[in-house]
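Working through the structure, step by step
Residues per chain are reported as follows:
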Amino acid sequence: MKRNHWLTWLLAVPLLVGFATVIKPQPASASQTKKRVNITLWHAMTGPSEKALADMVTDYNHAQSKVHVTALYQGNYGDLQKKIMAAGKSNTLPALGQLGYSAVPDLQSHQLIQPITKLVNGKQGLTKKDFADLYPTFTKNMTYKKSYYTTPLNKSPRLLFYNKALLKKYHLTVPKTWQDIANDGAKVKQDNITALGIDAGFDIEFAGIAQEFGSPIINNRLKPEMNSKGPKATSAYFVDNIKKGYIKPAGSDKYYSGAFTQGKSLFYISSSSAIQAIQTHAPKDFSWGTAEMPAYKSTRLSAVGGADLMMFKGLSTAKQKAAWNFMKYSMSTKASAKWSQASGYVPVRKSSVKLASYKQYLKQNPNQQTAVDSLNIGVQQPTFKGYSAFRQDYITAIDDMFSLRKTPKQVLPDLQNKALAAQKNGN
């Protein structure tokens, strides 16, 4: 699907030898380069994120003399996954790829992805201290069927953006709960202002909110629960408030960010990676801030989106070790901090946030502090074989409900059946 909005380059849908430190880059000699293990990384980054990834690769290549990584852009995530499937058939897979972890079950079922458990647990692997330093929401989704397959790269929690001027005008405060948003909507509706604007393609957000409202869309046994308590309550809340005019979907505009910066809503939910875009493209006099996602009763969660690094089948032992070395480097304290500052995504390690340079970055970019804080409440949904084929049905179903073309009672049972069929058939 073509995306024309100015957030496209940040919101596409939906790396050294030591792990804890980054060796100061030193150029390799020509003789050293010839001895290197050469590997390729296929990715989907564009704009500043592509430059940030290129810088990471350059830093890594200069930091040691054993491995050389070449990063190649392959289109958006959908295009990249198609190219990986095609490359698997022709035995031309790269060493590494950057895809969302939701692709892992399908790639694993096609025997295209390489488990990295022995590397993670090996002598050059991750220690208990390393795991403790990674945010739990990332380590949880490094595994599938009790094996390690991925390492986190570009990650972004969902945030609540708010219009400071409008809150001041209507004597309102940043909402703490979902009910607060509905209450605020009643207070500004008469002036044709909506309380909350949301993007199209609300699948990641919906999953996080459903878990907050009582149950996930996919449980820990990898079984779909599209018609359970959480999705039902989430659907009811959004549909009811959309009908009242308190919540407005972006519709054909795809992203609500433009309307938000034009003062048409009090609040806006989006990925933390939208921060840089709003800073760049919003009117200079637009006063705004970020807050953690609203809570349901005592539960507050933030759905985390983004992509991971994964290793593909068919590599020699030397190339597997080389690919792992780069995956490990991408998670190191300094590399992750530099990546975050350049790309707008969050660091994957707690120690990155403690660096003096990163503290200064947060001081200069206070809205990014909310993104870092949200990692403590971050959740990523599990996934199942066949999910890649099912995902578009899922997105369409949410769009049908939020555009009021269909009711939740029509959509959710049908969506559950489609999820079960997709899981049964695989892909």
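Quick notes on the rules
- Residues numbered from 1 in each chain as written.
- Predicted model: local features only at pLDDT ≥ 70, side-chain atom pairs only at ≥ 80, totals over all residues.
- Heavy atoms only, no water.
- UniProt positions renumbered as here; feature names shortened; annotations may be inferred.
- Axes fitted to C-alpha atoms, helices over the stretch in contact; angles between N-to-C directions.
- Helix = DSSP H or I, 4+ residues; strand = E, 2+ residues; numbered from the N terminus.
- Parallel < 35°, antiparallel > 145°, perpendicular 65-115°, else oblique.
- Contact = heavy atoms within 4.5 Å.
- Nonpolar A, V, L, I, M, F, W, Y, C, P; charged D, E, K, R; others polar.
- Buried < 20%, exposed > 50% of the residue type's maximum accessible area, 1.4 Å probe, protein only.
- Arc of directions from axis to C-beta.

As annotated in an unreviewed UniProt entry, the protein is ABC transporter substrate-binding protein from Furfurilactobacillus milii. Within the UniProt record for the protein, the comment given under Sequence similarities (unreviewed entry) is "Belongs to the bacterial solute-binding protein 1 family."

Before going further, it helps to examine the packing of helix α19 (residues 387-402) against helix α20 (residues 408-425). Two elements in contact, α19 and α20, have axes whose closest approach is 10 Å; the angle formed by their N-to-C orientations is 180°. In terms of orientation, α19 and α20 fall into the roughly antiparallel class. Contact with α19, carried on its side by F390, D393, Y394, A397, D400 and M401, involves P408, V411, L412, L415, K418, A419 and A422 of α20 and no other residues of that element. Split into classes, the residues belonging to the contact of α19 with α20 amount to 10 nonpolar, no polar and 3 charged.

This part is about unusual backbone geometry. Both trends apply: most residues other than glycine have a negative phi, and most peptide bonds are in trans. The phi torsion at H171 lies on the positive side, around 55°, for a residue other than glycine. Take H171: it is sitting in the loop between α8 (164-169) and α9 (178-188). Residue classification places H171 among the exposed positions, given a relative accessible area of 72%. Phi is positive for K254, close to 75°, though the residue is something other than glycine. Along the polypeptide, K254 turns up in the loop between β8 (247-249) and α12 (257-261).

Of the positions making up helix α17 (residues 356-364), those classed as buried are Y358, Y361 and L362. Summarising the axial view, the buried residues of α17 lie within an arc of 95°, below the 170-degree limit, and thus occupy one face. The outward face of α17, more than 90 degrees from its buried face, is lined by the exposed residues A356, K359, K363 and Q364. The secondary structure elements touched by the buried residues of α17 are α15 (333-343), α16 (350-353) and α18 (367-374).

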